[in-house]
Amino acid sequence: MRIVDASLRAVGGAVGDGLRNARRRWGRRRGLLLTLTDAQGHIGQGEATPLPGYSPDTVDQARTAIETWCQRADRGAPFDLTAPARDQVSARLDTIDPLCPSARFAVETALLDLLGQRLWQPVEALLGAPDDAAPVPISGLIVNRDADRAVADARALQARGVTVAKIKIGLATRVAASDPDAGWHDELDGLRAVRDAVGDALAIRLDANGSLPSGDLDARLAQLAAAAAPSLLEEPSCFGAWSVLARTPVPLALDEGLRQPAIRDEFDGLVDRDLCHALVLKPAVLGGALACLALARRAAARDVPTIVTHCFDGPIALAAAAALARALPGAVRPCGLAPHAGLDAWPAVPLPMLDARQVIGQVAPGLGLPSIAERL
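These numbers were taken from a predicted model, which means no experiment stands behind them.

Cut-off values and rules
Residues numbered from 1 in each chain as written. Predicted model: local features only at pLDDT ≥ 70, side-chain atom pairs only at ≥ 80, totals over all residues. Heavy atoms only, no water. Core = buried A, V, L, I, M, F, W, Y, C linked by side-chain atoms within 4.5 Å. Buried < 20%, exposed > 50% of the residue type's maximum accessible area, 1.4 Å probe, protein only. Helix = DSSP H or I, 4+ residues; strand = E, 2+ residues; numbered from the N terminus. Contact = heavy atoms within 4.5 Å. Disulfide = S-S within 2.5 Å. Phe/Tyr/Trp six-rings, centres within 6.5 Å; stacked < 30°, edge-to-face > 60°. Lys, Arg positive; Asp, Glu negative; His and termini not counted. Salt bridge = Lys/Arg side-chain N within 4 Å of Asp/Glu carboxyl O. Polar contact = N/O pair within 3.5 Å; in protein donor to acceptor, adjacent residues only side chain to side chain. Pairing = 2+ DSSP bridges. Axes fitted to C-alpha atoms, helices over the stretch in contact; angles between N-to-C directions.

The next subject is the nonpolar core. Core analysis: the biggest nonpolar cluster contains 123 residues, and Ile 66, Leu 127, Leu 233 and Leu 337 have the highest contact counts within it. The element contributing the most residues to this core is helix H14 (residues 315–327), with 11 residues. Residues in contact with Ile 66, not counting those within four places in the same chain, are Leu 8, Leu 32, Leu 34, Ala 48, Ala 103, Ala 106 and Val 107. By size, the runner-up hydrophobic cluster in this structure holds 5 residues, among which are Leu 232, Ala 253, Val 280 and Ile 307.

Let us now look at the state of the cysteines. Under the criterion given, the structure shown has 0 disulfides. Summary of cysteine pairing: Cys 276 is not part of a disulfide, and the nearest cysteine sulfur, belonging to Cys 292, is at 15 Å. When its relative accessible area of 4% is taken as the criterion, Cys 276 is described as buried. We note that Cys 311 lacks a disulfide partner, and the nearest cysteine sulfur, in Cys 292, lies 11 Å from it.

In this section: the packing of aromatic side chains. For the structure on display, the rule yields 2 aromatic pairs. Seen in terms of ring centroids, Trp 26 and Phe 312 are 6.4 Å apart; in terms of plane orientation they differ by 45°. Their pairing is tilted. One end of the pair, Trp 26, is in the loop between strand E1 (3–14) and strand E2 (28–38); the other, Phe 312, is in the loop between strand E11 (306–308) and H14, and 286 residues separate them in sequence. Here Trp 26 falls in the buried class, since its relative accessible area comes to 3%. The exposure class of Phe 312 is buried, given its relative accessible area of 7%. Ring geometry for Phe 239 versus Trp 242: centroids 5.5 Å apart, planes at 80°, classification edge-to-face. Of this pair, Phe 239 and Trp 242 both sit in helix H9 (residues 239–242), 3 residues apart, roughly one helical turn. With respect to burial, Phe 239 and Trp 242 carry one shared label: buried.

Moving on, we come to the environment of Leu 290. Here Leu 290 lies in helix H13 (residues 289–301). Residue classification places Leu 290 among the buried residues on the basis of a relative accessible area of 15%. Measuring from C-alpha to C-alpha, the distance between Leu 290 and Glu 108 comes to 8.3 Å, with 182 residues separating the pair along the chain. Those residues in contact with Leu 290, other than ones at most four positions away along the chain, are Arg 86, Val 89, Ser 90, Glu 108 and Leu 127.

With that out of the way, let us pick up the side chain of Glu 235. In this structure, Glu 235 sits in the loop between strand E8 (232–234) and H9. Among buried charged residues, Glu 235 stands out as having no salt bridge; its nearest opposite-charge side chain is Arg 259, 7.5 Å away. A polar contact is formed between the side chain of Glu 235 and the backbone nitrogen of Gly 257, at a distance of 2.9 Å. The residues touching Glu 235, leaving out its near neighbours within four places in the chain, are Ala 208, Asn 209, Gly 210, Ser 211, Trp 242, Ala 253, Leu 254, Asp 255, Glu 256 and Gly 257.

Sheets are built from strands paired through backbone hydrogen bonds, the pairs being either parallel or antiparallel. With antiparallel pairing, 3 strands are arranged side by side in an open sheet as E1-E2-E3. Among the strands making up the open sheet, the edge pair consists of E1 and strand E3 (43–48). For this sheet, the mean inter-axis angle between neighbouring strands, taken without regard to orientation, is 20°. Lying over the sheet, helix H1 (residues 59–71) contacts E1, E2 and E3, oriented at roughly 10° with respect to E2. H14 rests against E2 and E3 of the sheet, and its axis sits at about 100° to E3.

Here you go:
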């Protein structure tokens, strides 16, 4: 297989309410669509959609990195369709700046999509998913700060058969800058309302995006445990604060901290001290599915479960993340892969690998998506 053409197009637009974390809200999303074409006319699609203020790279940096890769002479070197696809794809990512993870993810996804079509295999199989892999449950995201609406959203998730609700925390405290304690207690009241409404039938996963103040982290974790009995709390505070805790009443997970090699190096020590209970893998910020698989193998070796989530990106990235979730080794918790408001910035396409409550097996070769370029 030889790549004979590569093109890069800008995609973007306004998105609906709901794109927010503890630190900011996004009203628009911008990204890049990469298409690679082989000599037989197959088209592989990739996507780079960095999240401003969260991703380590920008759209402009991703564009430069992808264009540089496309111009390299070895980009067109033939693939051996009898050799392992992952090894060949990994080798072709070496020239992309690791500080541009969305660019690496875009190129990797387009190559895997193209190879999957040529080999008549879904991307999840190229990543190592077994033929009999079980469906992967998905979690639902609750973004409403109003307690009544959050309760309604939680009940709607239950009605769909979703078993985990992910709730962003910390935003109300930041908004109520004049009285942050009042904002915090409002958040606790909202969490109690959700827990009282759903009982034990719905697990509550919290994500603070590092927003909890370091000075009273012990007390805040205890309050969260009492209010919501969360199954997991992602990135409670700055890493230097929570990594030195003597104990935690709430299971903790590494998320955005995984972007930093120094923090990844601390993983085994955190597990030894019972301070890391899951890894949250975002291929858009960690450099792609293959980089996430390497981290997942480390986690599996320590019996630490993994979770794949999107980065409010487009349908190609979401499909690739779903394929990754099916291929993860070890224990896998419900993944944050439900459709989201960030898809509003992209043409609407079917996502057959997702149903209302789980990631299901992909039958079509490659990613199984229609051409996005034809819908722009």
